[in-house]
Amino acid sequence: ERVWRGVSDGITGIVVRPMQGAQKDGVPGFLVGLGQGVVGVVANPVAGAFGAVSTVADSVDQNLRYWDQRPMGRRREPRTGRQCRLLRPLTRLQLEENIPSAQKVKETKST
């Protein structure tokens, strides 16, 4: 909505600004108004786009603040092995023995 408002303000400004300037100061006012209108054609849509991005960023910020205030808690039960014992992390040697790609990397580094 802000982008479209910026575009419409920029297009109407290219007509309205010179007319306002001409009514106020004659030909010099018309030329100043024309310059303001031309600048407004570019500046108003850009300002509208920045306003839209700002609105989205504020919404994301509010959403993140909402979720940060809620306690995380446990999302799943811990992984267990046989007889409900916790899994132990693998050693580097076990990883190299059990993962073929790790062996290929090890062979590549040694050559």
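Presented here is an overview of the structure given in this document. (Residues numbered from 1 in each chain as written. Predicted model: local features only at pLDDT ≥ 70, side-chain atom pairs only at ≥ 80, totals over all residues. Heavy atoms only, no water.)

1. Focus: the pattern of salt bridges
Which entries qualify depends on this criterion: Any carboxyl oxygen of Asp or Glu that lies within 4 Å of a side-chain nitrogen of Lys or Arg is treated as forming a salt bridge with it. Elements are defined by DSSP. Helices are runs of H or I of four residues or more, strands are runs of E of two residues or more, and each kind is numbered from the N terminus.
On inspection of all chains with the given rule, the structure shows 1 salt bridge. Linking R65 and D61 is a salt bridge whose minimum nitrogen-to-oxygen distance equals 3.0 Å. With R65 and D61 both in helix α2 (residues 27–69), this residue pair falls 4 residues apart, about one helical turn.

2. What to know about the packing of helix α1 (residues 2–25) against α2
Note the cut-off: Note on method: axes are straight lines fitted to C-alpha atoms, helices fitted across the in-contact stretch only, with angles between N-to-C directions ranging 0 to 180 degrees. Angular relationships are summarised with four words: roughly parallel below 35 degrees, roughly antiparallel beyond 145, roughly perpendicular across 65 to 115, and oblique for the angles in between. When the near helix sits turned anticlockwise from the far one by under a right angle, the crossing is termed left-handed; a clockwise turn instead gives a right-handed crossing. Each residue gets one of three labels, nonpolar for Ala, Val, Leu, Ile, Met, Phe, Trp, Tyr, Cys and Pro, charged for Asp, Glu, Lys and Arg, and polar for the others, Gly among them.
Look at α1 against α2: their axes get within 7 Å of each other, and the N-to-C directions meet at 165 degrees. When the axis of α1 is compared with that of α2, the two are roughly antiparallel. The two elements α1 and α2 meet at a crossing, and its hand is right-handed. When the residues that make up the contact of α1 with α2 are grouped by side-chain class, the tally is 14 nonpolar, 13 polar and 4 charged.

Keep in mind that these numbers describe shape and distance, not what the molecule does.
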